[in-house]
Amino acid sequence: MHTRGQCVIILKENENNLIDKTELTSLPNIGKEMDRQLRAVGINTPAELAATGSREAWLRIRAIDASACYNRLCGLEGAIQGIRWHYLDDSLKKELKDFYEANR
């Protein structure tokens, strides 16, 4: 469960889970351009994104788009978790920032 102010989001482990959906754009943070880039690097479904992980997916995108930034990395992680990237835990954001700095 993730909380933000008065808003409570509960992700269920069932057929309604975001990761079970078939379209990448059904995930938070994944728009048309991110969808296009993920498909270009061989990631076609939310399940494939989850199996690949945000860091590896970002590295693949970075190989085809030098402008891939920290926010894109966070967006991928948020998509996997089913939340907007702004709501990622601060300690995870720090880990992602360190990864980004080491691989940019």
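Residues numbered from 1 in each chain as written. Predicted model: local features only at pLDDT ≥ 70, side-chain atom pairs only at ≥ 80, totals over all residues. Heavy atoms only, no water.

Topic: the packing of aromatic side chains
As a reminder of what qualifies: Stacked, tilted and edge-to-face pairs are distinguished by plane angle, under 30 degrees for stacked and over 60 for edge-to-face with tilted covering the rest, among Phe, Tyr and Trp rings (Trp via its six-membered ring) whose centres lie within 6.5 Å. Labels follow the DSSP assignment, with helices taken as runs of H or I lasting at least four residues and strands as runs of E lasting at least two, numbered in each case from the N terminus. Each ring is checked for a lysine NZ or an arginine CZ that lies within 6 Å of its centre and within 35 degrees of its normal; such an atom marks a charge sitting over the ring.
Tallied over the entire structure, the rule returns three aromatic pairs. An angle of 70° between the planes, with centres 6.1 Å apart, marks the rings of Trp58 and Phe99 as edge-to-face. Here Trp58 is found in helix H3 (residues 54–64), whereas its partner Phe99 is found in helix H5 (residues 90–103), with 41 residues between them in sequence. Above the plane of the ring of Phe99 lies Arg55, whose end atom (NZ or CZ) is 5.9 Å from the centre. Lys97 extends its terminal NZ or CZ atom over the ring of Tyr70, reaching a point 4.6 Å from the ring centre.

Topic: the environment of Ala50
As for its position among the elements, Ala50 is in helix H2 (residues 46–52). Expressed as a C-alpha distance, the spacing of Ala50 and Glu77, which sit 27 residues apart in the sequence, is 8.8 Å.

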